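A closer look at the structure
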Amino acid sequence: MSDSQNTDASPFSGMSPEKVLFLTQMMGQMQGKNAAALKSVLSGAGAAAQGQNLQFSDSEADQVLSALLPNMSPEEKKKVEMMRSLSRILSLRSKK
């Protein structure tokens, strides 16, 4: 199977190979972690992405969150959805 076929089947289809690699590594770091440790990994991921000059569009961020949500508790899902909504509002304000 070609690389493009592999990428299309992933939850990160349409993203650059650099972004897919970054996200795959981040998700590997998240395996088996509790909520507090996940928060630490996610907050560090933002800085690491900036350090690698990676910027994720709103639709790419939605793809990432959609891949993470199935493994979260209902309480965690609510928090993520609230953060997602706030992020969209802030994004819209910054574009004005």
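Treat the numbers as computed from the prediction; the structure is a model and nothing was measured. (Residues numbered from 1 in each chain as written. Predicted model: local features only at pLDDT ≥ 70, side-chain atom pairs only at ≥ 80, totals over all residues. Heavy atoms only, no water.)

**Describing the packing of aromatic side chains**
Spelled out, the test is: Any two of the Phe, Tyr and Trp rings considered here, Trp counted by its six-membered ring, make a pair once their centres fall within 6.5 Å; the pair's planes then place it as stacked at under 30 degrees, edge-to-face at over 60, or tilted in between. Every helix listed is a DSSP run of H or I at least four residues long, and every strand listed is a run of E at least two residues long, numbered separately from the N terminus. Between buried and exposed lies partly exposed: a residue is buried under 20% and exposed over 50% of the maximum accessible area for its type, with that area taken using a 1.4 Å probe on protein chains only. Each ring is checked for a lysine NZ or an arginine CZ that lies within 6 Å of its centre and within 35 degrees of its normal; such an atom marks a charge sitting over the ring.
Under the counting rule described, the total for this entry stands at 1 aromatic pair. Residues Phe-22 and Phe-56 carry aromatic rings whose centres are separated by 6.2 Å and whose planes lie at 40 degrees to one another, so their mutual orientation is tilted. One end of the pair, Phe-22, is in helix H2 (residues 17-30); the other, Phe-56, is in the loop between helix H3 (35-51) and helix H4 (58-68), and 34 residues separate them in sequence. Overall, Phe-22 belongs to the buried group, its relative accessible area being 7%. Over the ring of Phe-56 we find Lys-19; its NZ or CZ atom is 5.2 Å from the centre of that ring.

**As for the pattern of salt bridges**
What counts here: A side-chain nitrogen of Lys or Arg and a carboxyl oxygen of Asp or Glu constitute a salt bridge if their distance falls within 4 Å.
Taken as a whole and assessed by the stated rule, the structure comprises 4 salt bridges. The salt bridge involving Glu-60 is made with Lys-19; its shortest N-O contact spans 2.8 Å. Of the two residues, Glu-60 sits in helix H4 while Lys-19 sits in helix H2, which places them 41 residues apart along the sequence. Between Glu-81 and Arg-84 there is a salt bridge, with the nearest N and O atoms lying 3.1 Å from each other. Highlighted residues: Glu-81 and Arg-84, both in helix H5 (residues 74-94), separated by 3 residues, approximately one helical turn. Judged by its relative accessible area of 33%, Glu-81 is partly exposed. Taken together, the shared-partner salt bridges in this structure form one network comprising Asp-62, Glu-81 and Arg-84.

**Remarks on the side chain of Glu-60**
Counted only if it meets this: Here a polar contact is taken to be a pair of N or O atoms separated by no more than 3.5 Å, where protein atoms must pair a possible hydrogen donor with a possible acceptor and residues adjacent in sequence count only if both atoms sit in side chains.
Exposure remark for Glu-60: the relative accessible area of 11% places this residue in the buried category. At a separation of 2.8 Å, a polar atom in the side chain of Glu-60 contacts the side chain of Lys-19. Only 2.9 Å separates the side chain of Glu-60 from the backbone nitrogen of Ser-57, close enough to count as a polar contact.

**Concerning the side chain of Lys-19**
Lys-19 gets classed as buried once you look at its relative accessible area, which sits at 13%. One polar contact links the side chain of Lys-19 to the main-chain carbonyl oxygen of Gln-55, over a distance of 2.7 Å.

**A look at the packing of H4 against H5**
How we decide: Lines fitted to C-alpha atoms define the axes here, with helix axes fitted over just the stretch in contact, and angles between the N-to-C directions of these axes take values from 0 to 180 degrees. Each angle gets one of four labels, with under 35 degrees taken as roughly parallel, over 145 as roughly antiparallel, 65 to 115 as roughly perpendicular, and the rest as oblique. The contact criterion used throughout is that any non-hydrogen atoms of two residues lie within 4.5 Å. Nonpolar residues are Ala, Val, Leu, Ile, Met, Phe, Trp, Tyr, Cys and Pro. Charged residues are Asp, Glu, Lys and Arg, and all others, Gly as well, are polar.
Axis separation between H4 and H5 bottoms out at 12 Å; the angle between their running directions is 175 degrees. One finds that H4 runs roughly antiparallel with respect to H5. Side by side, H4 and H5 meet where Asp-58, Asp-62, Leu-65 and Ser-66 of the first sit next to Val-80, Arg-84, Arg-88 and Ser-91 of the second. Here the residues of the contact of H4 with H5 are counted per class, giving 2 nonpolar, 2 polar and 4 charged.

**Describing the packing of H2 against H4**
Short version of the rule: Helix crossings get a hand from a simple test, with the near helix turned counterclockwise from the far one by less than a right angle marking a left-handed crossing and a clockwise turn marking a right-handed one.
Relative to each other, H2 and H4 sit at 30 degrees, their axes nearing to 12 Å. Of the possible angle classes, the one that applies to H2 and H4 is roughly parallel. As H2 packs across H4, the resulting crossing turns out to be right-handed. Counted together, Lys-19, Leu-23, Met-26, Met-27 and Met-30 of H2 and Glu-60, Val-64, Ala-67 and Leu-68 of H4 form the full contact between these two elements.

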